[in-house]
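A closer look at the structure
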Amino acid sequence: MNTNRVEAERLLAIGEKLLQSRDLSGSRDFAILAQEAEPLLEGSDQIVAIVDVLIAAEKPINNDHLDWYAILQLDRTCEDLDLIRKQYRRLGLLLHPDKNPFSLADHAFKLVTDAWAVLSDPVQKAIYDRDIVASAQPSTFWTACPYCYFLYQYPSTCEGCCLRCQNCQRSFHGLSIPSLPPLVPGQEAYYCNWGCLPMGFVFGTLGSHGPLLDNASHALAVSNGATPEFASSSRKRGRPRKGV
Ligand SMILES: [Zn+2]
């Protein structure tokens, strides 16, 4: 037995152990090293296939929908059914639990089968495509005016920019607050606790999709003007929360 093969088997065994402990990227790295040491070694491509599918499944679209396209290693909203079928067959052969002895192969195989079930069915695919487009809302962050404590939601492109408070008209640095203050039950209001100082309530109205900024596109358009500080104008750039 040649030394390359011994080394490749050693690397593959490490990759297998890492897969068992769900260290996906570590497992993939060792499987690739094994493949490079001995291209004819069986198993490395099976581990890589498992890991690639599981990693794709860990990144749902907008935290909401499993990315069936990424799971089949396709571009988003691929329309080529022959290509979708080809990817399904290729991954299915690599991952079928009767052929693939590594842990999590059954899980990866099920994901690939589910992806195929959606993307091969024109009706299901159309619904899925519509849903992922609809859920692709602009990414936003919440910030608070440090002077009057009004809360604002802005497109993420404005994070770190100098913003002007619509309430007190003072400029402040658009720092993201880690999470919205809890909604006070029974009153559509946020309780804002700034540092150790209780700041009272800041009212807000939650729409059906949560507190998304309805004029985000306006703010986005303004921020694209590359003006570091937003000059005051009648156009709203955040949705101010009414103070008490
Ligand atoms: Zn203010």
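By the naming in an unreviewed UniProt entry, the protein goes by J domain-containing protein and is assigned to Psophocarpus tetragonolobus.

Counting secondary structure elements, the protein contains 8 helices and 7 strands. Buried residues in the protein amount to 39% of all 244 residues. Sequence-distant contacts, at least 24 apart, represent 55% of the contacts inside the protein between residues at least 6 apart.

Let us now look at the coordination of the zinc ion. Looking at the metal site, the zinc ion is ligated by Cys145 (SG), Cys148 (SG), Cys165 (SG) and Cys168 (SG), spaced 2.2 to 2.4 Å from it. Taken together, the 4 donor atoms coordinating the zinc ion and their angles of 97 to 124° define a geometry best described as tetrahedral. Between consecutive donors of the zinc ion, the numbers of intervening residues give the motif C-x2-C-x16-C-x2-C.

When you tally the buried positions in strand E2 (residues 151–155), you get 5 out of 5 residues, the bulk of the element. Across 5 bridges, strand E1 (residues 140–144) lies against E2 in antiparallel orientation. Looking across to E2, one finds that threonine 143 is bridged to tyrosine 152. Turn length for the E1-E2 hairpin, with the two strands adjacent in sequence and antiparallel, is 6 residues, and the turn residue tyrosine 149 shows positive phi of about 65°.

Attention now moves to the nonpolar core. Grouped together as the largest cluster of nonpolar side chains are 42 residues, with contacts concentrated most on Ile50, Ile71, Leu72, Leu95 and Leu119. Residue contacts for leucine 119: discarding those within four places in its chain leaves Trp68, Tyr69, Leu72, Leu74, Leu81, Ile84, Lys125 and Tyr128. The next biggest cluster of nonpolar side chains, apart from the first, holds 9 residues, and it includes Phe141, Phe150, Tyr152 and Tyr154.

The subject of this paragraph is the side chain of serine 44. Its place among the elements puts serine 44 in helix H3 (residues 44–57). Filtering out sequence-adjacent residues up to four positions away, serine 44 remains in contact with Leu12, Ala31 and Gln35.

Here helix H1 (residues 3–20) spans 26 Å end to end across 18 residues, near enough to the 26 Å set by a 1.5 Å rise per residue. Buried within H1 we find Ala8, Leu11, Leu12, Gly15, Leu18 and Leu19. Buried positions in H1, seen along its axis, are confined to an arc of 115° and lie on one side of it. Relative to its buried face, H1 has exposed residues pointing more than 90 degrees away, namely Thr3, Lys17 and Gln20. Buried residues belonging to H1 abut helix H2 (24–37) and H3. Downstream of H1 by a residue or two, arginine 22 has a phi angle that is positive, lying close to 60°.

With that settled, consider helix H5 (residues 81–95). For H5, with 15 residues, the first-to-last C-alpha span of 21 Å sits near the 21 Å given by 1.5 Å per residue. Buried within H5 are the following residues: Ile84, Gln87, Tyr88, Leu91, Gly92, Leu94 and Leu95. For H5, the angular spread of the buried residues around the axis is 160°, confining them to a single face. Projecting away from the buried face of H5 at angles above 90 degrees are the exposed residues Asp82, Lys86, Arg89 and Leu93. Lining the buried residues of H5 we find H3, helix H4 (68–71), helix H6 (105–119) and helix H7 (122–134). Taking the backbone nitrogen of aspartate 82 as reference, a side-chain oxygen 3.0 Å away marks aspartate 80 as the first, capping residue of H5.

So, about the environment of leucine 83. In this structure, leucine 83 sits in helix H5. For leucine 83, a relative accessible area of 33% gives the class partly exposed. Between the C-alpha atom of leucine 83 and that of leucine 72, which follows or precedes it by 11 residues, the distance is 9.8 Å. In this structure leucine 83 touches Leu74 and Cys78, once residues within four positions along its chain are discounted.

This part is about the pattern of salt bridges. Close approach of charged atoms lets side chains of opposite charge pair. Taken as a whole and assessed by the stated rule, the structure comprises 9 salt bridges. A salt bridge links lysine 125 to glutamate 79; its shortest N-O distance comes to 3.3 Å. Taken as a pair, lysine 125 in helix H7 and glutamate 79 in the loop between H4 and H5 lie far apart in primary sequence, 46 residues in all. Classification of lysine 125 as buried rests on a relative accessible area of 8%.

Rules of the game
Residues numbered from 1 in each chain as written. Predicted model: local features only at pLDDT ≥ 70, side-chain atom pairs only at ≥ 80, totals over all residues. Heavy atoms only, no water. Helix = DSSP H or I, 4+ residues; strand = E, 2+ residues; numbered from the N terminus. Buried < 20%, exposed > 50% of the residue type's maximum accessible area, 1.4 Å probe, protein only. Contact = heavy atoms within 4.5 Å. Donors = N, O, S within 2.8 Å, 3.2 Å for Na, K, Ca; no water. Tetrahedral: all angles 85-135°; square planar, octahedral: opposite > 155°, others 65-115°. Pairing = 2+ DSSP bridges. Core = buried A, V, L, I, M, F, W, Y, C linked by side-chain atoms within 4.5 Å. Expected span 1.5 Å × (residues − 1). Arc of directions from axis to C-beta. Polar contact = N/O pair within 3.5 Å; in protein donor to acceptor, adjacent residues only side chain to side chain. Salt bridge = Lys/Arg side-chain N within 4 Å of Asp/Glu carboxyl O.

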